[in-house]
Amino acid sequence: MKYQILFFASCLLSTSLSFGQSRLKTSFYFPLRFKEYSDVLLKNKFDGKEQTIIPQLIMAQPYSTTLTNAALQLEYKAQVKPQAKGFGIFDYVLDITKSSINVDRISTDTVITQVLGGVTVNVHVKGQCDGVQLTSTSAMKLEGGFHVDTVNGQLASKMDDFNLSNLGEWVIQVRSCTGPVGYEHILKGEISKLLKEPASLKKLLAQHLQNKFNSLTDSLNQSLFETKSIKLSDELHVSVVPEKINFDPSNGKILLSGVLMTETGPADSQKNEVNIMVEMKNEDLKPFTSSGLLVPHEFTDALNKILFQEKFLEKRLLGKDISGFMKLLSNRFYQFFIWPDLMNFRTNAPFQFDFSAQRQPEVVHAGYSEGALWFKIKAQIVGKMWAPIQNRLYPYINFNTPLNTYVWLMVEDGNLVIGAHDPKMKLHPTWSPSYIDAYNPSTYIGLSTIQSEITKAVADTRLTYDLPQLKIDDKKLLVPQRFFSTKKWIQLIFTAP
């Protein structure tokens, strides 16, 4: 007897297409634990060959000289690890096995003042060397640290001071050089002297390292600020739009925040906008020790109101798409005892069913248990069944029932699953007055049997929706795992698979 009832159960737990055009904007927060992203900053991303282009350098001695397009090339192995004394702070050791600097051009065009025999003279020095290659003959060692911070609402890496050791000789080769006598010799000597001074070489390496650290956090920012979209139906979409990151050095947590946007109607239509922007205070965040998406409870209240007002809680079903009803329609034996009037229709007659909530359902958050969210729902469901008579649909039966149930939301295999627990209903089917006047049907319907089957079918119905994953980098993902909630906030917890 359960077959003919499944259509009614599905309408009680699902939404349908509508012509609503609203945009519900809700503040969201996503705390991301240090351990969820720190390894992304460390995974072998320092090893290898690197090149940093420095467009222009000025060498002040022995006279102002410009180095154009200097390319610092390094090969190294790195060891990077978080410091034990704090969060978001990293130590690193770079063993630089090969290092070279290639300079397109070194040029001088300046006037220097000299005193010769008590006479002050101005000397115009003009020279140029092209294709200058500087190669280190020793393996250098670099030790230092960097820390994570935020700048303008995005993650940033800030380099701390570092030590440079094992400085050796540099071999200098020049492809061509023009200028005063001794110009090339003087430049080579000055460059060699500078490269033996840690401060000079550190200045070159600092820019290279900062670029490297920036690339790590830039990559993480790109992943974290990607908009995530969920399509629940053709006209119901949810988008997670990140806007800002805060970093807490006391625990290393990243707090990503932005707007959760729920839109109804066509994507390009004019929207009626509702804003539920709730600021998260520090004390609100304390219970949430896991990484995951946080939204305020006000979101569910506003969403419930919009879905009702825009008729998303209306459902139209065709008889041919309801296997349980079609089995009843094709079984004359069942019809005789349960619904005799169906015997007047063909066994494949195209019936139609319309259901809706008579008024906005009452939805109360009832807590969470074992990773599932629970809501207590009270609703008044009304329905109309249309019968095919003389090539048109004719009002046949009206349904009316109060519904009191608990609806749960849980995550299974990364998907959102929705179901009902312990539904209670009191079904009131009535014949359409116009149908009674026209056809004087046998008004008997096996109400007790139908009502028990409806209740069971509602409890057995499951709805499943895809949930987005959080991409940390090309290889690391966080996937939805379970729910958690407090009196003010609901969290969808994400963990590594």
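Cut-offs and rules
Residues take numbers from 1 onward in each chain, read along the sequence in its written order. Owing to the predicted nature of the model, reporting of local features is limited to residues with pLDDT of at least 70; listing and counting of side-chain atom pairs is limited to 80 or more, with chain, interface and lining totals taken over all residues. The basis for every side-chain value is the complete set of non-hydrogen atoms in the structure, without hydrogens or water. For Phe, Tyr and Trp, rings pair up if their centres lie within 6.5 Å, where Trp contributes its six-membered ring, and each pair is then called stacked (planes under 30 degrees apart), edge-to-face (over 60) or tilted (otherwise). Each helix corresponds to a stretch of at least 4 residues labelled H or I by DSSP, and each strand to a stretch of at least 2 residues labelled E; elements are numbered beginning at the N terminus. With a 1.4 Å probe rolled over the protein chains alone, any residue whose accessible area is under 20% of its type maximum counts as buried; one over 50% counts as exposed, and the rest are partly exposed. When checking whether two residues touch, look at their non-hydrogen atoms; a contact exists if any pair is within 4.5 Å. By convention a nonpolar core is built from buried Ala, Val, Leu, Ile, Met, Phe, Trp, Tyr and Cys residues, the set being connected through side-chain atoms within 4.5 Å. In short, DSSP must find at least two bridges between two strands for them to pair. Note that a disulfide, as used here, is simply two cysteine sulfur atoms within 2.5 Å. The rule for a salt bridge is simple: a side-chain nitrogen of Lys or Arg has to be within 4 Å of a carboxyl oxygen of Asp or Glu.

**Structural notes on the packing of aromatic side chains**
- Overall, the coordinates contain 23 aromatic pairs when judged by the stated rule.
- With centroids separated by 5.4 Å and ring planes inclined at 55°, the aromatic side chains of Tyr 92 and Phe 213 adopt a geometry described as tilted. Of the two residues, Tyr 92 sits in strand S4 (residues 89-116) while Phe 213 sits in helix H4 (residues 198-224), which places them 121 residues apart along the sequence. Across this residue pair, the class does not change: Tyr 92 and Phe 213 are buried.
- For the ring pair Phe 146 and Phe 213, a centre distance of 4.3 Å and an interplane angle of 20° mean the geometry is stacked. Here the residue Phe 146 occupies a position in strand S6 (residues 140-151), and Phe 213 occupies one in helix H4, the gap between them amounting to 67 residues.
- Looking at Phe 146, the relative accessible area reads 0%, which means it is buried.
- Linked through ring pairs, Trp 339, Phe 345, Phe 351, Tyr 394, Tyr 396, Trp 431, Tyr 435 and Tyr 439 together constitute an aromatic cluster.

**A closer look at the side chain of Asp 130**
- Within the secondary structure, Asp 130 is located in strand S5 (residues 119-136).
- Under the relative-accessibility criterion, Asp 130 is labelled buried at 15%.
- Leave out the neighbours within four places in its chain, and Asp 130 touches Asp 104, Arg 105, Val 174, Arg 175 and Ser 176.

**Focus on the nonpolar core**
- In this structure, Leu 224, Trp 339, Phe 351 and Tyr 396 are the most contacted members of the largest nonpolar core, which totals 112 residues.
- Not counting the four nearest positions on each side in its chain, Leu 224 is found in contact with Leu 32, Leu 155, Pro 242, Ile 245, Ile 254, Leu 256, Leu 470 and Ile 472.
- Leu 255, Leu 285, Leu 294 and Phe 484 belong to the second-largest nonpolar core, a separate cluster that totals 9 residues.

**Digging into the pairing of strand S21 (residues 462-466)**
- Of the two faces of S21, the one lined by Leu 463 and Tyr 465 is fully buried and the one lined by Arg 462, Thr 464 and Asp 466 carries no buried residue.
- The pairing of strand S19 (residues 415-425) with S21 spans 5 bridges and is antiparallel. Bridging across to S21, Gly 419 finds its partner in Arg 462.

**Focus on the state of the cysteines**
- As enumerated under the stated definition, the model contains 1 disulfide in all.
- Between the sulfur atoms of Cys 129 and its disulfide mate Cys 177 the distance is 1.8 Å. One end of the pair, Cys 129, is in strand S5; the other, Cys 177, is in strand S8 (residues 170-178), and 48 residues separate them in sequence.
- Residue Cys 129 is classed as buried on the basis of its relative accessible area of 2%.

**Some details on the pattern of salt bridges**
- Tallying each qualifying case throughout the model produces 8 salt bridges.
- With its nearest N and O atoms 3.0 Å apart, the salt bridge here joins Arg 33 to Glu 36.
- Taking the relative accessible area as the measure of exposure, Arg 33 reaches 25% and is therefore partly exposed.
- Given the relative accessible area of 5%, Glu 36 is considered buried.
- Between Lys 188 and Glu 184 there is a salt bridge; the shortest N-O distance is 3.2 Å. Here Glu 184 and Lys 188 lie together in helix H3 (residues 183-195), a separation of 4 residues that amounts to about one turn.

**Some remarks on the environment of Asp 218**
- Position of Asp 218 relative to the elements: it lies in helix H4.
- Note: C-alpha distance between Asp 218 and Leu 155 (63 residues apart in sequence) is 7.5 Å.

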